[in-house]
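# Structural overview
Residues per chain are reported as follows:
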Amino acid sequence: MEYHRIEIFLLDMYTEENPHHKIISFKLEKNDYLEHLLYSASKTSSVQQKRRRNKIILPIIYLGIGIFGIIQGNLFMVISMIIMASLWLYFFPSWEKKQYIKQFNQYLDTNLKDELDKEITLDFSPKEIIQIEKNQKFHITYDQLRGWYETGTAVYIGLLDGYTIIIPKNNEKEIEDVKSIVFNNELNIPIQETLDLNWKWE
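Residues numbered from 1 in each chain as written. Predicted model: local features only at pLDDT ≥ 70, side-chain atom pairs only at ≥ 80, totals over all residues. Heavy atoms only, no water.

## Here's the deal with the pattern of salt bridges
Selection rule: One side-chain nitrogen of Lys or Arg within 4 Å of one carboxyl oxygen of Asp or Glu is enough to make a salt bridge.
Within this structure, the stated rule accounts for 11 salt bridges. Across the pair Lys-169 and Glu-172 runs a salt bridge whose closest N-O atoms are separated by 4.0 Å. One network of salt bridges, with partners in common, ties together Glu-150, Lys-169, Glu-172, Lys-179 and Glu-193.

And the structure:
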């Protein structure tokens, strides 16, 4: 731990002398990971298709039964099916949202025990990103980046190997400095940018 603090102190000194570097440190809370999972789910086509399918399949069945009721001249059946289809369409989205949150929370409770409350330091330079955590250092070059995804509360830097760097937006000025370095990297590698500043889990 002492080695980690000394290294961060030296990095800070270097950054003050070099404006093309930016070092940020933060801790990720459970909600940061939860929002990332929800955001990823909302942008995954298979999840989108599943949610649309789950929303309409029962109303279609209800309406089909309602049509059968019309053929049979059963007005009570028709009205009942219309009411049930309407209630499903009204209440299902809210229920489904809570189910995803519940399932993701259960996943995080099981798999995130060692990830909370650890300090993460990111050193951004025109050449690479260095991630430091638990006395381990990871070098990430810009050709490994899949894209920059920004919401109103966080930045997600996606890597080609599927890993995502999560950065909470605690300081807007820091984010702007980091973004400037990433998008002006010395290799001139274009970074895909996705801005979802008004995104919320729906």
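Text resumes after the structure shown.
## A few points about the packing of helix H2 (residues 30–43) against helix H4 (residues 75–111)
For clarity, the threshold we go by: Helix axes use the C-alpha atoms of the stretch in contact, all axes being lines fitted to C-alpha atoms, and the angles between their N-to-C directions lie in the range 0 to 180 degrees. Secondary structure elements are taken from DSSP: a helix is a run of H or I of four residues or more, a strand is a run of E of two residues or more, and numbering for both begins at the N terminus. Any angle between 65 and 115 degrees counts as roughly perpendicular, while under 35 counts as roughly parallel, over 145 as roughly antiparallel, and the rest as oblique. Note: crossing handedness is left-handed where the near helix turns anticlockwise from the far helix by less than a right angle, and right-handed where it turns clockwise. Residue contacts follow a heavy-atom distance rule, with two residues in contact if any of their heavy atoms lie within 4.5 Å. Classification used: nonpolar for Ala, Val, Leu, Ile, Met, Phe, Trp, Tyr, Cys and Pro, charged for Asp, Glu, Lys and Arg, polar for all others including Gly.
Following both chains from N to C, one finds H2 and H4 inclined at 130°, their axes separated by 10 Å at the closest point. One finds that H2 runs oblique with respect to H4. Note that H2 runs across H4; the crossing there is right-handed. In this structure, H2 uses Lys-30, Tyr-33, Leu-34, Leu-37, Leu-38 and Ala-41 to contact H4, whose residues at the interface are Tyr-100, Ile-101, Phe-104, Asn-105, Tyr-107, Leu-108 and Asp-109. In the contact of H2 with H4, the residues fall into 10 nonpolar, 1 polar and 2 charged.

## With respect to the pairing of strand S3 (residues 128–133)
Short version of the rule: Partly exposed describes any residue whose relative accessible area lies between the buried limit of under 20% and the exposed limit of over 50%, with all areas from a 1.4 Å probe on protein chains only and scaled to the type maximum. Only strands that DSSP links by at least two bridges are regarded as paired with each other.
With respect to burial, S3 is a largely interior element, 6 of its 6 residues being buried. Judged by which residues are buried, S3 turns out to be covered on both faces: Glu-128, Ile-130 and Ile-132 on one side and Ile-129, Gln-131 and Glu-133 on the other are all buried. Sheet analysis places strand S2 (residues 119–124) next to S3, joined by 4 bridges and oriented antiparallel. Considered in S3, the bridge of Thr-121 is made with Ile-132. Taking the residues that link successive antiparallel strands as the turn, the S2-S3 hairpin has 3 residues. Across 6 bridges, the pairing between S3 and strand S4 (residues 136–141) is antiparallel. Bridge pairing in S4 links Glu-128 to Thr-141. Between S3 and the antiparallel strand that follows it, S4, lie 2 residues; Lys-134 among them carries a positive phi value of about 50°.

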